[in-house]
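Tertiary structure, described
Here are the chains, one letter per residue:
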Amino acid sequence: SGGVSASTHSGSGRAFAFCLIDVAASVVQVGRQEDCETRSGLSLLLAQTTPAEVLVGSQNVPSDVTKMIRTLPFSPLVTAIPSESINPMAAQATIDTYFAPDGTENPADAAKKGAKRKTPAVIEKLSERFESVTCCLGLSLGYLQEALQDEKVTKFGKFEEHCPADRRHMILDAAALSNLEILVTQDGSDKHSLLGHLNHCSTPLGKRLLRRWLCAPLLDERALKKRLDAVEWLFENSDAAGRLRKQLQRMPVTDLERSVARVVKHCMQHTRAKQAIYFEDVGEKQLRDFVSVLNALVFVSEVVVLDADEVKEAEGEGEKEGGFPARLKALRTLQKDGGLFPDLISFCEDLKRHLAEEEGEKGGKKLVPAAGADERVDGLKKEIQGVRDRLDKCLKEVKDRHKLRDCKFVHMKFRYEIQCADSVPSSFLKTVDVTSSVKGYVRFHTDEVKELVEELEELEESLKESHAPFMASLLGKFAARTDFVDAAVRIVAELDVLCSLATAAASAGGPVCRPEFVPFEKGAKGTGKSGCVLELRECRHPMAAALMPPGAFIPNDMFLNCEGVNMGTALLTGPNMGGKSTVLRQTCLAVVMAQAGCFVHASKCRLTPVDRIFTRIGASDSLLEGKSAFLVELEETSTMLNEATERSLAVLDELGRGTSTFDGTAIAMASLRHLAERIQCRSLFSTHFHLLPPEFETDEAAGEGGGVVANFHMAAEVDESSHSVTFLYKVSKGVCPRSHGMHVARVAGIPESVLTSAQKKSDQLERAANAIQELAKIRSRGRKLLEALKHDDGKEKQQEGEVPGSEAAETEGVSRMRRMFEASRARLQKA
């Protein structure tokens with residue numbers, strides 16, 4: 001059930017081609033992507049698809065890429081492909097064995113021996129442009145050929161172009177998926193991940209679709225509205241959602257999508273070897289699987305499709321004006337009535353009429369071709385019945401001619417042995433072939449019976465052989481309409497996910513809201529002002545709140561470019577263990593949930609859709625790749641600074657802590673200013689570098705419109721007498737002057753003597769840092785005052801006919817500034 005991912009890198013740059021194959025579902029996705037030095041594109045692809053096995057070129061794939069793949073948290077099997085196998089001509093030859101430009105488009109015809117399928121359009125398009133795509137696909141098909149899984153994929157598989165980063169969906173890279181615990185938690189379990197929290201799906205195909213929705217949330221506001229309309233209706237009408245979920249749980253097959261793919265695989269097997277003699281139990285099991293799929297499709301049709309009266313009733317159930325949402329109505333209405341669901345009932349019932357049950361030779365029921373379903377089968381059955389009638393006639397003649405009582409056919413050592421009392425004359429036994437005897441009885445064959453049994457066995461063998469082409473024909477009819485069936489499977493999965501999201505909202509254990517979306521408006525460069533807003537009121541971390549008693553989790557607000565916060569960047573300070581990282585994560589999770597079409601764990605959520613979330617959270621090294629924690633941290637920051645747009649959301653948690661204080665502060669300060677002033681994306685930046693807030697406080701104090709960063713802190717109550725800190729876990733405006741690291745040290749059990757010494761040193765360093773901060777403020781204000789004086793003097797001189805900015809004006813301004821600076825320095829020295 002796992003996927004296979006093949007990857008080859010082009011000779012120049014860092015572009016790579018890839019081929020993703022889901023063997024169980026017969027889905028093939030190919031593509032090519034440009035990448036950067038940090039391999040963020042490849043990392044994103046692997047994080048979103050989590051393949052079970054990865055094929056890599058042993059020579060043309062760089063060693064750092066191979067190391068990165070081996071360190072993935074889901075630990076895929078890595079298979080090296082010999083370098084001599086990576087040849088565009090050989091790869092194209094492999095592809096040509098399965099596809100041809102003039103091939104057939106009918107899957108059933110493509111399965112015939114020697115037939116080729118028409119080359120999928122996506123392969124033609126990408127192979128013509130990129131040799132690396134040809135190599136990747138050819139190597140993948142060759143590998144599947146060795147595993148005897150190739151024809152299932154090539155004959156019936158769906159070929160698509162995979163776009164990890166398109167304009168219709170938000171991008172969540174590997175770092176974001178991991179840091180926010182979207183799919184799995186840090187320990188590798190999905191139980192307390194966002195996927196685990198929202199997963200109330202009744203079917204495996206629903207859970208797979210939910211996973212895709214969380215990996216690639218929507219960007220399009222119209223599509224979001226349709227999805228949220230459906231979720232809201234199901235949320236408000238929980239009884240209807242509950243009924244649908246319970247009905248889907250009773251589906252005759254566990255995984256409809258995989259079962260359909262398995263039936264298609266059986267079709268290929270029977271078509272490829274029509275004359276093969278199959279073990280009876282294998283053919284019987286395949287037919288049972290086929291009937292189960294047909295029954296499941298009929299079942300979901302009856303469950304999903306609503307008639308006109310049911311639609312009218314559903315429209316009446318809605319509490320809001322507008323009634324039944326358009327998306328739900330389309331999903332639950334037949335195509336012939338203007339909806340999206342295919343008419344499967346008549347299609348499946350027609351196929352089921354080709355089969356009938358009869359008594360098996362070993363007892364029980366077995367499936368066989370129904371009368372009238374196949375001319376050859378009907379003809380053979382008629383001939384077999386004729387031979388059996390002749391055997392019965394032969395038995396009667398023997399019995400009458402020799403006046404044998406209690407004479408009958410038995411099937412002991414041989415078939416159709418004639419059994420009679422052993423009192424028959426010995427002269428008679430010399431004229432027949434005695435096969436066996438038992439006390440009181442003798443068994444024999446006459447020449448005519450032997451001929452008829454031989455004829456019967458030949459006919460029965462022919463009948464068995466006729467089942468293979470019959471099954472191939474029957475399954476071929478099903479395979480020819482896989483697009484028809486797949487449409488129904490996709491609708492079932494979508495309905496399952498919509499019900500799951502509604503159920504998750506209903507069981508949130510606190511206030512939830514439907515998110516509101518604000519259209520994007522481009523801001524003016526360099527001002528720090530953007531048209532992208534983010535408003536969250538009483539927001540909670542969904543997974544953390546679920547693990548706590550009801551009401552124990554403390555919610556928080558977050559405003560960017562709205563509600564009096566005219567800046568798009570929030571600088572968050574506060575004590576260790578005060579909840580900064582939780583606030584950062586819950587903000588990102590609220591955005592992901594909103595754009596996935598889910599209700600948000602908040603009393604209000606209003607935002608401009610985010611095109612990508614960048615996260616720099618936590619500290620972890622990568623020893624196998626030879627990367628320190630600080631290098632990993634800076635690579636994530638580099639991706640953010642190089643690829644973020646005005647519509648992105650950037651989250652940085654304590655950037656710069658892996659190096660010296662001065663270097664770390666400088667990197668953090670420069671990165672924050674670049675995000676706030678140049679990129680102007682919505683940003684959340686937490687730090688313990690207390691030199692950062694004053695740097696941006698001076699900007700904010702410059703006057704209306706002058707600030708680009710809003711300062712917030714996590715509130716705490718400090719008792720100096722007992723050296724204790726009470727965390728309030730509440731976001732408040734302003735700067736937190738201390739991180740209260742000594743409190744954390746005390747909690748950790750550091751000896752009191754060490755703490756006392758550390759506190760003295762901390763006070764000394766804090767006084768020095770405060771002096772530096774005061775000097776920085778004076779210098780900054782002095783520069784601004786000097787500029788103002790120059791401006792005012794220039795105006796006066798201009799009125800008197802003098803040239804503005806003359807040497808005399810500058811000298812006077814500098815003298816005034818020097819006097820102010822000396823006075824301030826004297827006050828600092830006195831302090």
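Small disclaimer: the values here were computed from a predicted structure and weren't measured.

1. Section: the overall build of the protein
Of regular secondary structure, the protein possesses 29 helices and 25 strands. Looking at the protein as a whole, 49% of its 831 residues qualify as buried. When the accessible surface of the protein is totalled, it reaches about 40100 Å², and 51% of it is carbon and sulfur.

2. Let's talk about the packing of helix α11 (residues 221–236) against helix α23 (residues 580–596)
One way to put it is that α11 packs onto α23 with a least axis distance of 8 Å and a crossing angle of 85°. For the element pair α11 / α23, the angle class is roughly perpendicular. Contact residues: Leu224, Arg227 and Leu228 in α11; Ala594, Gln595 and Ala596 in α23.

3. Digging into the pairing of strand β11 (residues 365–369)
For β11, the buried fraction is high: 4 of the 5 residues fall into the buried class. Strand direction decides the pairing type here: strand β10 (residues 355–359) and β11, joined by 5 bridges, are antiparallel. If you follow Ala356 over to β11, its bridge partner there is Val368.

4. A word on the pattern of salt bridges
As enumerated under the stated definition, the model contains 31 salt bridges in all. Between Glu232 and Arg514 there is a salt bridge, and its shortest N-O distance comes to 2.6 Å. Of this pair, Glu232 sits in helix α11 while Arg514 sits in the loop between α21 (482–506) and β16 (516–517); the two residues are 282 residues apart in sequence, bridging distant segments of the chain. By relative accessible area, which is 11% here, Glu232 ends up buried.

5. Quick word on the side chain of Arg616
Note that Arg616 resides in strand β21 (residues 612–616). At 3.0 Å, the side chain of Arg616 and the side chain of Glu636 are in polar contact.

6. Focus: a negative patch on the surface
A cluster of like negative charges, contributed by Glu397, Glu448, Glu451, Glu454, Glu457 and Glu458, occupies part of the molecular surface. For the negative patch, the element with the most residues is helix α20 (residues 447–479), which contributes 5 residues. For Glu451, the position within the fold is in helix α20.

7. Considering the sheet that holds strand β23 (residues 682–686)
Within the open sheet, the 7 strands sit side by side as β9-β21-β22-β23-β19-β24-β25. Their pairing is mixed. The open sheet has two edge strands, β9 (171–172) and β25 (724–733), and neither has a second partner. Relative to strand β24 (residues 709–719), strand β19 (residues 569–573) is paired through 5 bridges, and the arrangement is parallel. Note that in β24 the partner of Thr569 across the bridge is Val709. Its contacts with the sheet put helix α24 (residues 629–643) on β21 and β22 (649–653), and the angle it makes with β21 is roughly 150°.

8. Here we look at the packing of helix α10 (residues 204–215) against α21
Between α10 and α21, the least distance of the axes is 8 Å, while the angle of their chain directions is 70°. Classed by the angle they form, the pair α10 and α21 counts as roughly perpendicular. Of the residues in α21, those touching α10 at Leu205, Gly206, Leu209, Leu210 and Trp213 are Val489, Val492, Ala493, Glu494, Asp496, Val497, Leu498, Ser500 and Leu501. Here the residues of the contact of α10 with α21 sort into 10 nonpolar, 2 polar and 2 charged.

9. Points about the sheet that holds strand β18 (residues 556–560)
Judged by pairing direction, the sheet is mixed, and its 4 strands sit side by side in the order β16-β20-β17-β18 without closing on themselves. Either end of the sheet is taken by a strand with one partner, and the two such strands are β16 and β18. As paired elements, strand β17 (residues 534–539) and strand β20 (residues 604–607) share 4 bridges and run antiparallel to each other. Across the sheet, Leu536 pairs through a bridge with Cys605, a residue of β20.

10. Quick notes on the pairing of β20
Burial along β20 is one-sided: the face carrying Cys605 and Leu607 is buried and the face carrying Lys604 and Arg606 is not. Where β16 lies against β20, 2 bridges are found, and the strand directions are parallel. The partner of Phe517 across the bridge, within β20, is Leu607.

11. Details of the packing of aromatic side chains
Within this structure, the stated rule accounts for 11 aromatic pairs. Ring centres of Phe235 and Phe599 lie 5.0 Å apart, and the angle between their planes is 50°; this geometry places the pair in the tilted category. Pair noted here: Phe235 is in helix α11 and Phe599 is in the loop between α23 and β20, with a separation of 364 residues, a long-range link. Note on Phe428 and Phe444: the rings are 5.4 Å apart at their centroids and 85° apart in plane angle, and the pair reads as edge-to-face. A residue pair is termed long-range when its members are at least 10 positions apart, and Phe428 in helix α19 (residues 426–429) and Phe444 in strand β15 (residues 441–445) qualify at 16 residues. Since its relative accessible area comes to 0%, Phe444 is described here as buried.

12. Observations concerning the nonpolar core
Residues Leu256, Phe478 and Ile613 are the most contacted members of the largest nonpolar core, which totals 128 residues. Ranked by residues supplied to this core, first place goes to α21 with 15 residues. If we skip the residues at most four places from it in the chain, Phe478 touches Val260, Val263, Val264, Phe290, Val293, Leu294, Leu297, Phe347, Leu351 and Val485. One finds Leu391, Phe444, Leu452 and Val453 within the second-largest nonpolar core, a separate group that totals 25 residues.

13. Concerning the side chain of Thr134
Tracing the backbone through its elements, the reader meets Thr134 in helix α6 (residues 131–146). You can call Thr134 buried: its relative accessible area is 4%.

14. Comments concerning the confidence of the model for the protein
Confidence in the prediction of the protein, expressed as mean pLDDT, is 81, and 82% of residues score 70 or more. In the model, residues 274–279 has pLDDT below 50 throughout and makes 11 contacts with residues more than four positions away in sequence or in other chains. pLDDT under 50 marks residues 699–706. Its contacts with residues more than four places away, or in other chains, come to 12 contacts.

15. Thoughts on helix α17 (residues 344–352)
Among the residues of α17, those classed as buried are Leu344, Phe347, Cys348 and Leu351. What you see down the axis of α17 is that its buried residues fit within an arc of 90°, all on one side.

16. A word on helix α5 (residues 121–129)
At 3.6 residues per turn, the α-helix brings residues three or four places apart onto the same side. Val122, Ile123, Leu126 and Ser127 are the residues of α5 that are buried. The buried side chains of α5 occupy one side of the element, clustering within an arc of 110° when seen end-on. Facing away from the buried surface of α5 by more than 90 degrees, the exposed residues are Ala121, Glu128 and Arg129. Residues of α5 that are buried sit in contact with β3 (27–33), β6 (99–100), α6 and β8 (158–161).

What counts, and where the lines are drawn
- Residues numbered from 1 in each chain as written.
- Predicted model: local features only at pLDDT ≥ 70, side-chain atom pairs only at ≥ 80, totals over all residues.
- Heavy atoms only, no water.
- Helix = DSSP H or I, 4+ residues; strand = E, 2+ residues; numbered from the N terminus.
- Buried < 20%, exposed > 50% of the residue type's maximum accessible area, 1.4 Å probe, protein only.
- Areas by Shrake-Rupley, 256 points an atom, 1.4 Å probe, with all protein chains shown as cover.
- Axes fitted to C-alpha atoms, helices over the stretch in contact; angles between N-to-C directions.
- Parallel < 35°, antiparallel > 145°, perpendicular 65-115°, else oblique.
- Contact = heavy atoms within 4.5 Å.
- Pairing = 2+ DSSP bridges.
- Salt bridge = Lys/Arg side-chain N within 4 Å of Asp/Glu carboxyl O.
- Polar contact = N/O pair within 3.5 Å; in protein donor to acceptor, adjacent residues only side chain to side chain.
- Patch = residues over 30% accessible without salt bridge, like charges linked within 9 Å, V, L, I, M, F, W, Y side chains within 5 Å.
- Lys, Arg positive; Asp, Glu negative; His and termini not counted.
- Charge placed at Lys NZ, Arg CZ, Asp CG, Glu CD.
- Nonpolar A, V, L, I, M, F, W, Y, C, P; charged D, E, K, R; others polar.
- Phe/Tyr/Trp six-rings, centres within 6.5 Å; stacked < 30°, edge-to-face > 60°.
- Core = buried A, V, L, I, M, F, W, Y, C linked by side-chain atoms within 4.5 Å.
- pLDDT = per-residue confidence, 0-100.
- Arc of directions from axis to C-beta.

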